[in-house]
Structure formats: structure tokens, C-alpha cells
Amino acid sequence: MKYRTIGTNPTTRREVSVLALGAMLFGSVTDEATSFAVLDRYVEAGGTFIDTSDNYAFWADGGQGGQSEELLGRWRRSRGIGDEIVIATKLGARPLAPGTSYVDNAEGLSAKVIRESAERSRERLGLEKLDLLYAHIEDRTVPLRETVEAFAELVAEGTVGLLGVSNHAVWRVERARALAAAAGLPGYEVLQYAHTHLRARTDVPDALFPYGSLGHAGPDLLDYLRTEPGLTLVAYSPLLKGAYVRPERLPADFDHPGTQGRLAALRDVARETGASVNQVVLAWQIGGELPVVPLVGVSSVAQLEENLAAVDLELTAEQRARLDAAH
């Protein structure tokens, strides 16, 4: 395994494995025995960075979520896991009532919700301190200053370490970080967005993003990372839920002329290296110029093994240049 540091403050920054493990479906769609087996193998291989959320996976049973955090809590206790494993969780997108969703009834990012939700997550996970806590989705009904100050209070109290943000407009991320900096408060340092080798159309609206997706790491966010070296991108859905090997799963926002050229480049490099296309995608992210930590979700140990092997796949400068330039 290889490692990188997230965060800049010596008191809160953490060293984490360059491959993060997503626990979104653990305890719901993925049964407990399988979930424990995947977690055990990940840690055995040197993995130290596990991702969850307080709303995972509410859609599995029409509830409000919490199954993933609860399973991770049981796993931690049964294995004697301490602070050597960094567990990141999120708040803000938990449905306020069963049968609703984050689109129409999210808990939001008020000071009251942030404090109460963080406490619930700590209880479910069995943690005195949340290593990394994200604002999961935007809440434009609450002043940004209130959200910034509420997160900072938890850091000051020692119940949260690093702060992160996901699925926000980049201008909102920068404004929140500027507010924090001006007040001498900790701000967001880890950004979690959808990111893969194929490029998504970001002009396609959906229920959460009426003007086009704010959840993908587009050129504005990648440029932001390039100019702010203290930030780290955690890339969710790097393998597009299996679409690289099952093209019928390719999301509609990747259906455009540029996709075929980038797929062809991936396949060429995979043939040259003897690796799978999935492994090339992960290696491209892990070893790239920008600080990117791919976040993989798996439903079996075999899938995890394929992803782990990508950590040791070294791409040449020429192969990287070809992957970057493909269109």
C-alpha cells in the first residue's frame, strides 16, 4: 500500500492509504458477513481510509439511513479497531422522514443539525472523534457563516478532526473557506466529488442540480486543486459502478463523442500493461499530478483485490500523456 497526507494542520492532518474504501452499501445491500470480509481484507492490505455517511443507505429500505455507520461500528468493536483507521462520514443529506429523500426533505446544514448529526454518527461508529466530516450536499437555506462556524465548533471541541465538502458549487466551497480563513477558523480541506477518466457532461440537469451537475470534478474544480495544494480530492464513482467492463451501465451523462476516444486510450494502455481497464483508471488517478484519492465501492473480496492491485501499477509518462490528451 501507498499513503498520502490529507489536511495541513499538524494537529488534525492524517496519513491515509491512496485507495479509499466506500462502505455505502455495507449493512444493507451488502450483507454483514461479506462487508466484514471486505473490510478485513482491506485493512490486511494496508488500507486505512474508509468512507461512509449518515444517510447510507436510506434508499435500500425507504428509511433514513444509518446502516453503514452502524455496521462499521460493529466491525470496529469486533476487531478492536482504533484510530489507526481513518473513517470519514458525511451529514446534511439524511432524509428527515422515512419515505423521503435528500432532494425533497434533507436535514440540511444548520448549526443544530450539524451538532446533532455529528453526535449520532459518533455514537453509531463508536468513535470519540470523527476523523473527517463532510458537508454532504448544499443547503442554501442556511447562511454559509452559520455552517462554517458550526463545523469549526466541533473541531475546537475535539470531536471532529478534518473538514470536507461534497457536491457543492466550487464558488460556494471557496466562499466558505474564505469565511473560515477570515475568522481564523478551520475550513474544508478534503473535497469529495465524482471523478473518473471519462468526462461527464455537466450541463445535464437533475433533481438536485437544475442547471447541470455540481457533483462532478469538472475543469473549474480541478483547476482549483491545482492552485490550492493543501486540498485533496477524494474521487467517488471512479469506476462508474462497473461501466468500464459493462458498457450498458454507462450513465447517460457520459454519452457524448469524447467518450469513445478516452475509452480507446484506456484499452490501449491496459493491453500494454497487462492490467484491467479498471486498474488503469485507478492508477491514473493515484499517480497523477493532482492529489486524488480514488474511493472504490465493492461488493466482494474479489473486486477489492482487483482494485488493490492498481496501487502498484506504474504508468509511464508517455502513457499518462496519452490518457490525459485523449478526446
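Residues numbered from 1 in each chain as written. Predicted model: local features only at pLDDT ≥ 70, side-chain atom pairs only at ≥ 80, totals over all residues. Heavy atoms only, no water.

(A) How the structure looks around the overall build of the protein chain. A tally of regular secondary structure across the protein chain gives 12 helices and 10 strands. In terms of overall size, the protein chain behaves like a compact globule, its C-alpha atoms giving a radius of gyration of 19 Å where 327 residues would be expected to give roughly 20 Å. Overall, the protein chain is about 55 × 45 × 40 Å in size when its C-alpha atoms are taken along their principal axes. Counting only residues that meet the buried cut, the protein chain has 54% of its 327 residues in that class. Considering only contacts in the protein chain between residues 6 or more positions apart, those separated by 24 or more positions represent 75%. When the accessible area of the protein chain is evaluated, it comes to approximately 13,900 Å², of which 52% is carbon and sulfur surface. Charge separation in the protein chain, taken as the distance between the mean sites of 33 positive and 44 negative side-chain charges, equals 1 Å. (Helix = DSSP H or I, 4+ residues; strand = E, 2+ residues; numbered from the N terminus. Rg over C-alpha atoms; globule rule 2.2 N^0.38 Å. Buried < 20%, exposed > 50% of the residue type's maximum accessible area, 1.4 Å probe, protein only. Contact = heavy atoms within 4.5 Å. Areas by Shrake-Rupley, 256 points an atom, 1.4 Å probe, with all protein chains shown as cover. Lys, Arg positive; Asp, Glu negative; His and termini not counted. Charge placed at Lys NZ, Arg CZ, Asp CG, Glu CD.)

(B) Spatial organisation of the pattern of salt bridges. Within this structure, the stated rule accounts for 23 salt bridges. Residue Arg271 is joined to Asp268 by a salt bridge in which the shortest nitrogen-to-oxygen separation is 2.2 Å. Of this pair, Arg271 and Asp268 both sit in helix 9 (residues 258-273), 3 residues apart, roughly one helical turn. Looking at Asp268, the relative accessible area reads 29%, which means it is partly exposed. Sharing partners across several salt bridges, the network here consists of Arg41, Glu44 and Glu305. (Salt bridge = Lys/Arg side-chain N within 4 Å of Asp/Glu carboxyl O.)

(C) Region of interest: the sheet that holds strand 10 (residues 292-297). Reading around the circumference, 3-4-5-6-7-8-9-10 is the order of the 8 strands in this closed barrel, with parallel pairing throughout. Here the average twist between neighbouring strands, direction ignored, is 30°. (Pairing = 2+ DSSP bridges. Axes fitted to C-alpha atoms, helices over the stretch in contact; angles between N-to-C directions.)

(D) Local environment of the packing of aromatic side chains. Applying the stated criterion across every chain yields a total of 4 aromatic pairs. Taking the centre distance of 5.1 Å and the plane angle of 85° together, the rings of Phe58 and Trp59 count as edge-to-face. Residue class for Phe58 comes out buried when judged on its relative accessible area of 7%. On the basis of relative accessibility, which here comes to 41%, the residue Trp59 falls in the partly exposed class. Measuring from centroid to centroid gives 6.2 Å for Phe151 and Tyr188, while their planes differ by 75°, and the two rings are edge-to-face. With a gap of 37 residues between them, Phe151 in helix 6 (residues 144-157) and Tyr188 in the loop between helix 7 (170-182) and strand 8 (190-194) connect regions that are remote in the sequence. The two residues Phe151 and Tyr188 agree in class, both being buried. Three or more aromatic residues joined by ring pairs make a cluster, and in this case those are Tyr56, Phe58, Trp59 and Tyr102. (Phe/Tyr/Trp six-rings, centres within 6.5 Å; stacked < 30°, edge-to-face > 60°.)

(E) Local environment of the environment of Asp54. By the secondary structure assignment, Asp54 is in the loop between strand 4 (49-51) and helix 2 (58-61). Asp54 sits in the buried class, given a relative accessible area of 0%.

(F) Fine view of unusual backbone geometry. A cis geometry characterises the amide bond from Tyr56 onward to Ala57, with omega recorded as -10°. With respect to the helices, strands and loops of the structure, Ala57 is situated in the loop between strand 4 and helix 2. Despite not being glycine, Ser237 shows a phi value in the positive range, around 55°. Residue Ser237 is classed as partly exposed on the basis of its relative accessible area of 26%. The backbone of Leu240 shows a phi angle near 55°, a positive value even though the residue is not glycine. Looking at the element boundaries, Leu240 is found in the loop between strand 9 (232-236) and helix 9. For Leu240, a relative accessible area of 6% corresponds to the buried category.

(G) View of the side chain of Arg262. The residue Arg262 is located in helix 9 in this model. In terms of polar contacts, Arg262 uses its side chain to reach the backbone carbonyl oxygen of Ala326, at 2.8 Å. Apart from residues no more than four positions distant in its own chain, Arg262 is found in contact with His197, Leu198, Arg199, Trp284, Leu323, Asp324, Ala326 and His327. (Polar contact = N/O pair within 3.5 Å; in protein donor to acceptor, adjacent residues only side chain to side chain.)

(H) Structural context of the packing of helix 9 against helix 12 (residues 317-325). Their axes nearest at 8 Å, the elements helix 9 and helix 12 cross at an angle of 160°. Considering their axes alone, helix 9 and helix 12 lie roughly antiparallel with respect to each other. For helix 9 against helix 12, the interelement crossing comes out left-handed. Facing helix 9, whose interface residues are Arg262, Ala265, Leu266, Asp268, Val269, Glu272 and Thr273, helix 12 presents Gln319, Arg322, Leu323 and Asp324. Partitioning the contact of helix 9 with helix 12 into residue classes produces 4 nonpolar, 2 polar and 5 charged. (Parallel < 35°, antiparallel > 145°, perpendicular 65-115°, else oblique. Left-handed = near helix turned anticlockwise from the far one by under 90°. Nonpolar A, V, L, I, M, F, W, Y, C, P; charged D, E, K, R; others polar.)

(I) Representation of the packing of helix 10 (residues 277-286) against helix 12 within the structure. At their nearest, the axes of helix 10 and helix 12 sit 11 Å apart, and the two run at 100° to each other. It follows that helix 10 is roughly perpendicular to helix 12 by the angle criterion. Together, Val280, Ala283 and Trp284 of helix 10 and Arg320, Leu323 and Asp324 of helix 12 make up the contact between the two elements. Partitioning the contact of helix 10 with helix 12 into residue classes produces 4 nonpolar, no polar and 2 charged.

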